[in-house]
Amino acid sequence: MPSQRSADPLTLEVVELIGTVVARYYAEYEEAAAQHSLTGAQARVLGLLALEPMPMRQVAKKLNCEPSNITGIVDRLEVRGLVERRPDPHDRRVKLAAPTEEGASTVRRLRDALEFAREPLAELSVAERTVLRDLLRRMLGADA
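These numbers were taken from a predicted model, which means no experiment stands behind them.

Draft legend 1. How the structure looks around the nonpolar core. Leu38, Val45, Ile70 and Leu77 are the most contacted members of the largest nonpolar core, which has 23 residues in total. Residue assignment for this core shows that the elements contributing at least two residues are α1 (9-35), α2 (40-51), α3 (56-63), α4 (67-79) and α5 (101-113). Ranked by residue count, the leading element in this core is α2, at five residues. For isoleucine 70, the contacting residues outside a window of four places in its chain are Val45, Met56, Val59, Ala60, Leu63 and Cys65.

Draft legend 2. Region of the structure containing the pattern of salt bridges. Considering all chains together, one arrives at seven salt bridges under this definition. Across the pair arginine 85 and aspartate 75 runs a salt bridge whose closest N-O atoms are separated by 2.6 Å. Residue arginine 85 is found in strand β1 (residues 83-88), and its partner aspartate 75 is found in helix α4; the two are separated by ten residues along the sequence. Overall, the relative accessible area of 26% leaves arginine 85 in the partly exposed class. Overall, the relative accessible area of 34% leaves aspartate 75 in the partly exposed class. Close ionic contact of arginine 86 with glutamate 84 constitutes a salt bridge, the shortest N to O distance being 2.7 Å. Accessibility expressed as a relative area gives 32% for glutamate 84, which makes it partly exposed. Each of the salt bridges in this network shares a partner with another, and the network as a whole consists of Asp75, Glu78 and Arg85.

How each quantity is defined
- Residues numbered from 1 in each chain as written.
- Predicted model: local features only at pLDDT ≥ 70, side-chain atom pairs only at ≥ 80, totals over all residues.
- Heavy atoms only, no water.
- Core = buried A, V, L, I, M, F, W, Y, C linked by side-chain atoms within 4.5 Å.
- Buried < 20%, exposed > 50% of the residue type's maximum accessible area, 1.4 Å probe, protein only.
- Helix = DSSP H or I, 4+ residues; strand = E, 2+ residues; numbered from the N terminus.
- Contact = heavy atoms within 4.5 Å.
- Salt bridge = Lys/Arg side-chain N within 4 Å of Asp/Glu carboxyl O.

What follows is the structure, given as structure tokens:
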């Protein structure tokens, strides 16, 4: 049951600022994806796979969506030569989705295009960025 007490003004302002940051980040991400003829969802899947090849069900879990949606996205990325499916070296019954060389290159170009996140963070010191990272991790819990 939700609490009946209202949030204090500082908490409300922080929540509003986080929402603004997220909205601006996604808008810029969608624009950068479109410049590479990708949807935002395709770009997010490709970016996640660039960190580590993984089974599609794990991609779906990380992105909080249905595995069937990820299968369709990976299919379209595969047709474009940006992703490939390969056997998991630890369990040959499982297929991993992984970026091709072209897919990894596309992810690098996408990340380079995201100035909104990079530029304001560059104005913060290493210590400030570290505190921000640690606070965000703490907000998200241990599995962030």
